[in-house]
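# Fold and geometry: a report
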Amino acid sequence: MSGQLEQIKVFLAVADAGGFSRAAQTLGLSPSSVTRSVADLESALGVQLFKRTTRKVALTQAGHNYAQRMLPVISEIARIDDGARAFQTDLQGRLRISAPLSFGTHFLAAPIAAFRNSYPGIDLSVNLTDRFVDIMQADYDMALRISGAPSDLSTIWRKIKQVRRSLVASPGYLEDHGTPVDPTHLSTHACLSYTNLAEGEVWELTDPITGATHPIRQTFRFACNNGDLLAQMAAADQGIALLPDFLVADALAAGRLLRVLPEWQTPQIWLTAFYPPYQKLPAAMDRFTACIEAAVTDLRL
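Note that this is a predicted model, so its numbers are computed, not measured. (Residues numbered from 1 in each chain as written. Predicted model: local features only at pLDDT ≥ 70, side-chain atom pairs only at ≥ 80, totals over all residues. Heavy atoms only, no water.)

Quick look at the sheet that holds strand β3 (residues 93-99) now. Ordered in space as β4-β3-β5-β14-β6, the 5 strands form an open sheet in which the pairing is mixed. In this open sheet, the two strands that pair with only one neighbour each are β4 (122-128) and β6 (156-163). If you compare each strand with its neighbour and ignore which way they point, the axes differ by 20° on average. Sheet topology places β6 next to strand β14 (residues 269-275); 7 bridges connect them, and they run antiparallel. The residue bridging Arg 158 from the neighbouring strand is Ala 273, located in β14. Packing of helix α5 (residues 101-118) onto the sheet brings it into contact with β3, β4, β5 (142-147) and β14, and relative to β4 it is tilted by some 175°. (Pairing = 2+ DSSP bridges. Helix = DSSP H or I, 4+ residues; strand = E, 2+ residues; numbered from the N terminus. Axes fitted to C-alpha atoms, helices over the stretch in contact; angles between N-to-C directions. Contact = heavy atoms within 4.5 Å.)

This is how it looks when you write it as structure tokens:
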């Protein structure tokens, strides 16, 4: 079909120019290739499109009808082609994004406002959820996630910033139940679980001296899929939680929470942007990601 489409474009150029040589000059092709293209189209259609004499080239009745019906079709194809190119290069249209709930409520307002001020032609739709959405199946153009190393082979991603985490508990809880001095002591404590984390019911802690990793399997007394609620539960003397520092920074500064086993290291997690597997990222996605990167550069996540 792509070959026939080119033949139709050549045919319309000949009809508009009133001759093969003039159409060839307009198209930047040789007269023989223009003549051959039209002949191939006539052969495919089984109809003569031009009346040819040594002095003049004119449309047949069939050629005239064909040209009249094809002109709006070719114009529409050109418009659709321009729209596809615009999606790749222009800052217009709609951008649909999935982002973590707590991160979104804490940090996204400022970069979203900056993005909308800079690119008013883009209609932005943001859905906040702690669930890991499949952007290849769901109705999203990209997703921001806070997680460990990406394992989704059907998408591409860009790491934006490492997100630090700490084990935390309230002073009241530690006073009543004691402060763990070793990861093995956690098995005797009430642990609060974030259910959307890939590691599930295992906390991996790394010895700061030997570098050895200790997987600590817990029996969690409370589990939920939102970090803000877990932080509030920890501050309410309900147990020990492993949470991003940005969720507990204020509570730590105010003394409502304390770090537990602060020398031990937890597995790295990152704020990461996920996209469908484009060879070249569309301009709107690239600019939005750049806004997020600029906004979090100086943040302590």
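Now, onward.
Okay, the nonpolar core next. Judged by nonpolar contacts, the single largest core of 43 residues is most densely connected at Phe 103, Leu 144, Leu 271 and Phe 288. Top contributing element to this core by residue count: helix α9 (residues 283-296), with 7 residues. Core analysis: the second largest hydrophobic core is formed by 20 residues, Val 10, Ala 24, Phe 50 and Tyr 66 among them. (Core = buried A, V, L, I, M, F, W, Y, C linked by side-chain atoms within 4.5 Å. Buried < 20%, exposed > 50% of the residue type's maximum accessible area, 1.4 Å probe, protein only.)

This part covers the packing of aromatic side chains. Applying the stated criterion to the full structure yields 9 aromatic pairs. Ring centres 6.1 Å apart and planes at 45° place the aromatic pair Trp 157 and Phe 274 in the tilted group. Here the residue Trp 157 occupies a position in strand β6, and Phe 274 occupies one in strand β14, the gap between them amounting to 117 residues. Since its relative accessible area comes to 2%, Phe 274 is described here as buried. Every member of this aromatic cluster is reached through a ring pair, and the members are Phe 11, Phe 20, Phe 50 and Tyr 66. Directly above the aromatic system of Phe 132 lies the positively charged group of Arg 145, at a separation of 5.4 Å from the ring centroid. When the ring centre of Phe 274 is taken as reference, the NZ or CZ atom of Arg 145 above it lies at 4.3 Å. (Phe/Tyr/Trp six-rings, centres within 6.5 Å; stacked < 30°, edge-to-face > 60°. Lys NZ or Arg CZ within 6 Å of the ring centre and 35° of its normal.)

Their axes nearest at 8 Å, the elements helix α2 (residues 20-27) and helix α3 (residues 31-45) cross at an angle of 110°. Classed by the angle they form, the pair α2 and α3 counts as roughly perpendicular. Side by side, α2 and α3 meet where Phe 20, Ala 24 and Leu 27 of the first sit next to Pro 31, Val 34, Thr 35 and Val 38 of the second. The residue makeup of the contact of α2 with α3, split by class, is 6 nonpolar, 1 polar and no charged. (Parallel < 35°, antiparallel > 145°, perpendicular 65-115°, else oblique. Nonpolar A, V, L, I, M, F, W, Y, C, P; charged D, E, K, R; others polar.)

By the secondary structure assignment, Leu 243 is in strand β12 (residues 240-244). Note on Leu 243: relative accessible area 2%, which makes it buried. Residues Leu 243 and Arg 165 lie 78 residues apart in sequence; the distance between their C-alpha atoms is 5.2 Å. Contacts of Leu 243, omitting those with residues within four sequence positions, involve Arg 164, Arg 165, Ser 166, Val 168, Gly 227, Leu 230, Ala 231 and Val 248.

Attention shifts here to a nonpolar patch on the surface. A grouping of Leu 101, Val 126 and Leu 128 is seen on the molecular surface, where their side chains present a nonpolar patch of about 180 Å² in accessible area. As for its position among the elements, Val 126 is in strand β4. Since its relative accessible area comes to 30%, Val 126 is described here as partly exposed. (Patch = residues over 30% accessible without salt bridge, like charges linked within 9 Å, V, L, I, M, F, W, Y side chains within 5 Å. Areas by Shrake-Rupley, 256 points an atom, 1.4 Å probe, with all protein chains shown as cover. Salt bridge = Lys/Arg side-chain N within 4 Å of Asp/Glu carboxyl O.)

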